[in-house]
Every structure is written in C-alpha cells, then in structure tokens.
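Examination of the molecular architecture
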Amino acid sequence: MAMPDEQNTPTPDQPLNDKPELDTAAVWLSDEEKLAAAHNEVAALKDQHLRAVAEQENIRKRNVQEVQSARDYASRDFAFALLAVKDTLEMVLKDEQSTPEQLKMGVDMTLKNMVTAFERAKVKEVKAEKAKFDPNLHQAMTQIESTTDAPGTVLQVFQKGYTIADRVLRPAMVAVAKAPEAAATAANSSASPVEPQA
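Residues numbered from 1 in each chain as written. Predicted model: local features only at pLDDT ≥ 70, side-chain atom pairs only at ≥ 80, totals over all residues. Heavy atoms only, no water.

**Regarding the overall build of the chain**
Looking only at helices and strands, the chain features 5 helices and 6 strands. Evaluated residue by residue, the chain yields a buried proportion of 13% over its 198 residues. Summed over its atoms, the accessible surface of the chain is roughly 16800 Å², and 57% of this surface lies on carbon and sulfur atoms. (Helix = DSSP H or I, 4+ residues; strand = E, 2+ residues; numbered from the N terminus. Buried < 20%, exposed > 50% of the residue type's maximum accessible area, 1.4 Å probe, protein only. Areas by Shrake-Rupley, 256 points an atom, 1.4 Å probe, with all protein chains shown as cover.)

**A few points about the sheet that holds strand β3 (residues 154-159)**
Remark on secondary structure: sheet strands pair via backbone hydrogen bonds, oriented parallel or antiparallel. Strand order in the open sheet formed by 3 strands is β2-β6-β3, with mixed pairing between adjacent strands. Of all the strands in the sheet, just β2 (138-145) and β3 have a single pairing partner and so form its edges. Along the sheet, successive strands turn relative to each other by an average axial angle of 25 degrees, direction set aside. The pairing of β3 with strand β6 (residues 172-178) spans 4 bridges and is antiparallel. (Pairing = 2+ DSSP bridges. Axes fitted to C-alpha atoms, helices over the stretch in contact; angles between N-to-C directions.)

**Describing the packing of helix α3 (residues 76-94) against helix α4 (residues 100-120)**
Where α3 meets α4, the axes come as close as 8 Å, and the angle between the chain directions of the two elements is 175 degrees. Considering their axes alone, α3 and α4 lie roughly antiparallel with respect to each other. Residues F78, A81, L82, A84, V85, T88, L89 and V92 of α3 form the contact with α4, whose own contacting residues are L103, G106, M109, T110, N113, M114, A117, F118 and R120. (Parallel < 35°, antiparallel > 145°, perpendicular 65-115°, else oblique. Contact = heavy atoms within 4.5 Å.)

**As for the sheet that holds strand β5 (residues 167-170)**
Strand order across the open sheet formed by 3 strands is β1-β4-β5, with antiparallel pairing between neighbours. Every interior strand has two partners, whereas the edge strands, β1 (123-125) and β5, have only one. Between one strand axis and the next, the sheet turns through 35 degrees on average, direction left out of account. Note that β1 and strand β4 (residues 162-164) share 3 bridges and pair antiparallel. Bridge pairing in β4 links E125 to Y162.

**A few points about unusual backbone geometry**
One non-glycine residue, K130, lies in the positive phi region at around 65 degrees. Considering the arrangement of structural elements, one finds K130 in the loop between β1 and β2. The phi angle at A165 is positive, at roughly 50 degrees, despite the residue not being glycine. Here A165 is to be found in the loop between β4 and β5.

**Focus on α3**
Its 19 residues give α3 an end-to-end C-alpha distance of 27 Å, which sits within 8% of 27 Å, the value for a rise of 1.5 Å per residue. Listed in full, the buried residues belonging to α3 are A81, V85 and T88. Against α4 lie the buried residues of α3. (Expected span 1.5 Å × (residues − 1).)

**Observations concerning the pattern of salt bridges**
Summed over the entire model, instances satisfying the criterion amount to 8 salt bridges. Between D108 and K112 there is a salt bridge; the shortest N-O distance is 3.6 Å. Of this pair, D108 and K112 are both found in helix α4, 4 residues apart, which corresponds to roughly one turn of the helix. A relative accessible area of 38% means that D108 is categorised as partly exposed. The partner of K160 in a salt bridge is E125, with the nearest N and O atoms 3.5 Å apart. With K160 in the loop between β3 and β4 and E125 in strand β1, the pair connects residues that are 35 residues apart, well separated along the chain. (Salt bridge = Lys/Arg side-chain N within 4 Å of Asp/Glu carboxyl O.)

Listed below in structure tokens is the structure:
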C-alpha cells in the first residue's frame, strides 16, 4: 500500500511540472471577478465621496447658522447693560420732588451705569486733548494758530471719539494747532529766498 506522500511524488518516467495547467474558464472567471470587484470599489468610493460632500454641506450650513446667530445676539450683552441706564433715567423723570442736587446725583449714577456698559462692550474713549493729531482717531474740524503748542497738537475737543475693540467707532472732532501765519511766512521765505526783480 502506498503512503499518501508517495502518491504525490512523481515517478522518474513522469515529467516534472511545477505549474498546474491553466484552465481558461477559470482565468476568464477571474477577470470577471476582478471587474466586479473594481465596480464595487468604484461604487464604494462614489458613496464615500457623496457622503463627504454632504458632510461638508452640513458643516457649511451649520457655520452660516452660527454666524447669523452670533450677529443676532452679539449686542445682547450690551443691550442688557443699557437697561440699567434706561431704568435710572426713567426713575429720574418720574420723580417730581427731587432737588437739583438729587437730580445731579441721579445723572451721575446714570453716567456710571453707561461707563460700566461701555467697559463690558470694550468701548473706549479716544484720548485727544494735547495728543498728537492722528487721522485714524481724530477728525480735524479747524486749525488754531499757537505759539506754545507744536503744530499738529490737538488743542480742543468738540466731540469725544470712541473705539470698540481697537476699531474706531467714532473719531474725535478736534481743533488742531498750527504755526502762526507770520512764523510760517518767515519759515517759507528763509527756506526759499526770492531774488529781487530789476
């Protein structure tokens, strides 16, 4: 009786054949399977792509909603802080028996509430008096001749300016120093001498 290992061992009269004979039907079927696998992979990739596009669209819509919500409610805290100012003003208007000193005290309390609301909203007053004129923060309404202040120095503030979070909310309306006309004329004549005409 032959052992199983002996059955698979080639005999000397059999040619040694390492490669099995190719079955053309099996090769053809294999190509069809490869094509089907490729179609399945393409379908899976299309599905992944469509899901990614849908996810991006959902993120975009969510961001638009969040931005709109932020716009709608951005002033909420500031408006809430201003309610105290409104309440104080209404109390002062209803009070018919207050003395001028009490009215002044009420106005002072109202101003303090307003300043607190501005601080919370990052609204800051532009420092203009005796500052160098800055066109980003100041709006020159007029020029005043001055011998004591350097040209370009803010001499007078007509209306205070304000910034909000480092952006100009309203520029300060100011009067700016300029050199006196006589001094300016002398400076111009010494800078460019004029030849006498004959």
